[in-house]
Amino acid sequence: MGNDIILEMKNICKSFPGVVALNNVSLSIKRGEVHALCGENGAGKSTLMKILYGIYRADSGEIWINGEKRNITSPVKAQENGLSIIFQEFNLVDTLSVAENIFLGRLKTTKSGKIDWKSIEKDAAELMLHIGCDIDPKTPVGSLSVSQKQMVEIAKALSYNAEIIVMDEPSATLTDREMENLYRIIQELKEKKITIIYISHKMDEIFKITDRVTVLRDGVVICTLDTCKTCREEIVSNMVGRCLGQEYPKRENYSGEKVLEVKNINRKGVLNDVSFCLHRGEVLGIAGLVGAGRTELVRAIFGADRISSGKVFVNGKEVRIKSPIDAIRNGIALLTEDRKQQGLILNNTVKENISITNLKDIVKFGLLMNSKENNIAKEYVDRLSVKTSSINQKCINLSGGNQQKVVLAKWLYSNADILILDEPTRGIDVGAKQEIYHIINELVKMGKAVIMISSEIPEVLALSDRILVMHKGRITREFKNESRNVTPEQVMNCAIG
Amino acid sequence: MEVGTQKLNTSNLKINDFLKKYKMLLVFVGMIIISSIISDVFMTSRNISNIMRQVSVNGILACGMTFVMLTGGFDLSVGSLISVSAVVAIGMQDYFGVAGAIIIALVIGAIAGSLNGILLSKINANSGDAFMITLGSQLVFAGAALLYTNARVLPGSKSEFYNSLGQGTLFGFIPTPVFIFLIITIISHFILSYTSFGRKIHLLGGNYEAARLSGVRVYFYKAIVYSIVGFTAAIAGIILSSRTLGGSPLAGVGYELDAIAAVIVGGTSLAGGEGSVMRTLLGVFIIGVLSNILNLIGLSSFNQMIVKGIVIVLAVWLDVKKQ
């Protein structure tokens, strides 16, 4: 490998109206290495990669590949130069098959001009096998899991003979086992001298799979480090520009009386006889693989989906929850896993997104009381330290962490006593994560009950007083975790079933 | 050097913001200036009053359409509903008196609209579904209007009050339909901007699923907006039958497109969530002035169709580009 530089980005500058996104950024990547790119949201990672891939044009700067200066003006040019990128939101067509997706726009034809399905499917199968994945190439992509879709994307990248593959937070939506599979594939790609630029927030995996790491902050390269010669604290403090305290803040145990009890909930093919209870002042973690039924369970409790049978008790009384309205009336809140599609109304303002859960409170005779709404919005923005230029800012302009805080704010304003948080820290940066942990601790201290679903097992272990593990729509195990003594292996074993 | 570029960028930003926000207003002002240059008649009080009269029917309908389009919906059936209410309001006068006939027409408009709404809400329709379903109900309502009169035009009302709705003048200078249009605009603007009801319509138009999961009764609001546009269609039908002195079963043909065009030209997003009655008002006047000036310079109505069509396409293009 040595000092064989495959890609060099020199002095890249890019500004958008009002912001300098990248300021004189230089990056050099060695052939066959796995190079991590980290930084908080808004640090400029994605912008840099979009420039590399020809989606944005840099204001100034040069891109050199294999020692030659290249002019990458479009994604097609990027592909011709051996670049490929796998975005968080995949570029796949759900209704088409795996094989069609891999060769989209380049379908081979027979001599008579018909599409040569046999050879396309054979090539697709070979590519999939190449990365150790045995999905039938005729399967429609829509029926695949997130992890399998990712495999299709990787196969697609390889089909372009990509030498450099950029992966934008590929593990964000994967469970631990799927991640292991991804790491294995990355290892294999590396052996084949394919270079990988790996954007990630997760320190564990940076140390596990990368050779070097470049930290960006506020559009500037802070440092490039050899992964084996650095430590997690060094990277994190470079990312945030300050020293963070403990990753998971400690707290006492505040558990009190039962506030929620769920008995024998069933939903055909999804949930199977699920029963559990939740106490005041407690964080109840729900762990499990993607597809284990965790999200489906909490959506059923919240009335977002119908259940076939089962009972729900709030404060000892049986309640019938047929819709989110009923749930909110009974003091239940659900922070959904998909913040942008289900959590926020992105084009509306911060204040409108906060007051939505409790409009009655700011309405008199059907009229909105603006000053009351403004005061309430300001109060919650301060309380959760949401970073926004004003309460009249549209949520779409906020960073992921601050968007999540707005979602938390709206549920606090609904006066919910039972807060269900589905992947509350997904896709947000290290600093914001810690703030969310602090907020969760505050909530239970106030006597609220929290259910937290997370695919990051360390997070579940560190925050939960009790842990439920789900597998195939059932709760397979309950762990008491007051002294934080449950191990990831114990949880994983139950999650796999 | 760098500071300089940044400064330039921010000032560009401000101009851009300004242009974005008041783009349509600037277009409107530009149209007025150009119109008054190319036509001597344009700025006369008689012509202005004429424009106001002409836009009022479309304006009333466009107010209702704004509610629907804010939810991301669409209603093609309102033109036919205008016809239905026009023939009902005239035809029923012999049996129930003028007031009775007007009330019946308004109730029928609201109920027919809510049938659309309930159906669309039940199947959780997107705007494409709404397009097709209201295309269907357009045929149903159009057929109903033709059946009711046996495809004849009903002779105009004998009531002076009724005839004044379309032709009269209030307070000596303001044409009655313009006055009604003004009232409807103010009420619609008030509801959408200052009430909980209006807020919820904006919220569900912005993101239906997020609004549902936040406890907004989305089914109800998604249905009720069609009832509102049905009601405004009935008002429009009554005014139209009064103005033309007759209940034609074809009175409302094409009106739905004018209303939709006004809403889009005003800048209410096709995707829903963003928009306002004030923007619609602007859209109504842009289209109204455009028709007027094309008339004044002597362009035939066929030429006008082409120009109007181009304006709509441009407006949609701008809307999509914005997103």
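Being a predicted model, the structure only gives us computed values, none of them experimental. (Residues numbered from 1 in each chain as written. Chains lettered and ligands numbered in written order. Predicted model: local features only at pLDDT ≥ 70, side-chain atom pairs only at ≥ 80, totals over all residues. Heavy atoms only, no water.)

Counting its secondary structure elements, chain B contains 13 helices and four strands. Against the globule reference of 20 Å for 323 residues, chain B gives a C-alpha radius of gyration of 21 Å, in line with a compact fold. C-alpha atoms of chain B, sized along the principal axes, occupy 80 × 55 × 35 Å. Taking all 323 residues of chain B together, the buried fraction comes to 51%. Partitioning the contacts of chain B with sequence separation of at least 6, the portion at a separation of at least 24 is 78%. Of the roughly 15,000 Å² of accessible surface on chain B, 70% is carried by carbon and sulfur atoms. (Helix = DSSP H or I, 4+ residues; strand = E, 2+ residues; numbered from the N terminus. Rg over C-alpha atoms; globule rule 2.2 N^0.38 Å. Buried < 20%, exposed > 50% of the residue type's maximum accessible area, 1.4 Å probe, protein only. Contact = heavy atoms within 4.5 Å. Areas by Shrake-Rupley, 256 points an atom, 1.4 Å probe, with all protein chains shown as cover.)

Another aspect to go through is the domain arrangement of chain A. For interface size, the figure often reported is the accessible area lost on association. Residues and elements named next belong to chain A. Segmentation of chain A into domains returns domain 1 (5-240) and domain 2 (258-495). On a C-alpha basis, the centres of domain 1 and domain 2 stand 32 Å from each other. Taken together, both faces of the contact between domain 1 and domain 2 bury some 1,200 Å²; the carbon and sulfur share is 60%. Counting across the domain 1 and domain 2 interface gives zero salt bridges. (Domains from an automatic or database assignment. Buried area = accessible area lost by both parts, 1.4 Å probe. Salt bridge = Lys/Arg side-chain N within 4 Å of Asp/Glu carboxyl O.)

Of the residues lining the interface, 26 residues belong to chain B; the matching set on chain A comes to 34 residues. Between chain B and chain A lies a buried interface of about 2,300 Å² when both sides are counted; carbon and sulfur atoms form 59% of it. For the chain B face of the interface with chain A, the top three residues by lost area are Arg-199, Leu-213 and Ser-214 of chain B, together amounting to 29%. Across the contact surface, chain B and chain A share four salt bridges. A salt bridge links Lys-394 of chain A to Glu-274 of chain B; the nearest nitrogen and oxygen atoms lie 3.2 Å apart. Summed over the shared surface of chain B and chain A, the result is nine residue pairs in polar contact (both at pLDDT 80 or more). Those elements that place two or more of their residues in the side of chain B that touches chain A are helix 1 (2-38), helix 7 (176-194), helix 8 (196-206) and helix 9 (208-213) of chain B. By residue number, the principal contributor to the side of chain B that touches chain A is helix 8 of chain B, which donates six residues. Considering only residue class, the side of chain B that touches chain A consists of eight nonpolar, 11 polar and seven charged. (Polar contact = N/O pair within 3.5 Å; in protein donor to acceptor, adjacent residues only side chain to side chain. Nonpolar A, V, L, I, M, F, W, Y, C, P; charged D, E, K, R; others polar.)

Here the focus is the nonpolar core. Soluble globular proteins tend to pack their nonpolar side chains together in the buried interior. Residue and element names in this part refer to chain A. Core analysis: the largest hydrophobic core is formed by 173 residues, its most contacted members being Leu-260, Phe-276, Phe-302, Ile-332, Ile-354 and Ile-451. Among all residues touching Ile-332, those that are not within four sequence positions of it are Leu-260, Phe-302, Val-314, Ile-321, Ala-327, Ala-416, Ile-418 and Ile-420. Of all hydrophobic cores here, the second largest spans 36 residues; its members include Ile-165, Ile-194, Ile-196 and Ile-209. (Core = buried A, V, L, I, M, F, W, Y, C linked by side-chain atoms within 4.5 Å.)

With that out of the way, let us pick up the environment of Glu-318 of chain A. Residues and elements named next belong to chain A. If you trace the backbone, Glu-318 turns up in strand 15 (residues 317-319). Separated by 57 residues in sequence, Glu-318 and Glu-261 have C-alpha atoms that sit 8.9 Å apart. Ignoring anything within four residues of it in the chain, the contact list for Glu-318 reads Lys-311, Val-312 and Phe-313.

Glancing now at helix 14 (residues 400-413) of chain A. Residues and elements named next belong to chain A. The end-to-end C-alpha separation of helix 14 is 20 Å, in line with the 20 Å expected for 14 residues at 1.5 Å each. For helix 14, the tally of buried residues reaches 14 of 14 residues, placing the bulk of the element in the interior. With its phi angle positive at about 65 degrees, Asn-415 sits one or two positions after the end of helix 14. (Expected span 1.5 Å × (residues − 1).)

With that settled, consider the side chain of Thr-71 of chain B. Residue and element names in this part refer to chain B. Within the secondary structure, Thr-71 sits in the loop between helix 2 (45-70) and helix 3 (78-91). From its side chain, Thr-71 meets the backbone oxygen of Val-68 in a polar contact 2.6 Å long. In contact with Thr-71, not counting residues within four places along its chain, are Ile-201, Leu-204, Gly-205, Val-225 and Gly-272.

Let us now look at the pattern of salt bridges. Residues and elements named next belong to chain A. Across all of its chains, the model carries 31 salt bridges over all chains by this definition. The salt bridge partner of Asp-211 is Lys-190, with a shortest N-O separation of 2.9 Å. Of this pair, Asp-211 sits in the loop between helix 7 (203-209) and strand 9 (212-217) while Lys-190 is found in helix 6 (residues 176-191), placing the two residues 21 residues apart along the sequence. With a shortest N-O distance of 2.7 Å, Glu-282 and Arg-466 are connected by a salt bridge. Residue Glu-282 is found in the loop between strand 12 (271-279) and strand 13 (283-288), and its partner Arg-466 is found in strand 21 (residues 466-471); the two are separated by 184 residues along the sequence.

Okay, the sheet that holds strand 9 of chain A next. Residue and element names in this part refer to chain A. The strand order 6-7-8-3-9-10 describes an open sheet built from six strands, whose pairing is mixed. What marks the edges here is a single partner per strand, and that holds for strand 6 (83-86) and strand 10 (220-226). The average undirected angle you get between the axes of adjacent strands in this sheet is 20 degrees. Seen against the sheet, helix 8 (residues 232-240) touches strand 3 (34-38), strand 9 and strand 10 and runs at an angle of roughly 25 degrees to strand 9. (Pairing = 2+ DSSP bridges. Axes fitted to C-alpha atoms, helices over the stretch in contact; angles between N-to-C directions.)

A few words on the packing of helix 4 (residues 93-122) of chain B against helix 6 (residues 160-167) of chain B. All names here are of chain B. Two elements in contact, helix 4 and helix 6, have axes separated by 10 Å at closest approach and are oriented at 45 degrees. Compared by their axis directions, helix 4 and helix 6 come out oblique. Two packed elements cross with a definite hand, and for helix 4 against helix 6 that hand is left-handed. Contacts between helix 4 and helix 6 pair Gln-93, Val-98 and Ile-102 from the former with Phe-161, Tyr-162 and Leu-165 from the latter. Counted by class, the contact of helix 4 with helix 6 contains five nonpolar, one polar and no charged residues. (Parallel < 35°, antiparallel > 145°, perpendicular 65-115°, else oblique. Left-handed = near helix turned anticlockwise from the far one by under 90°.)

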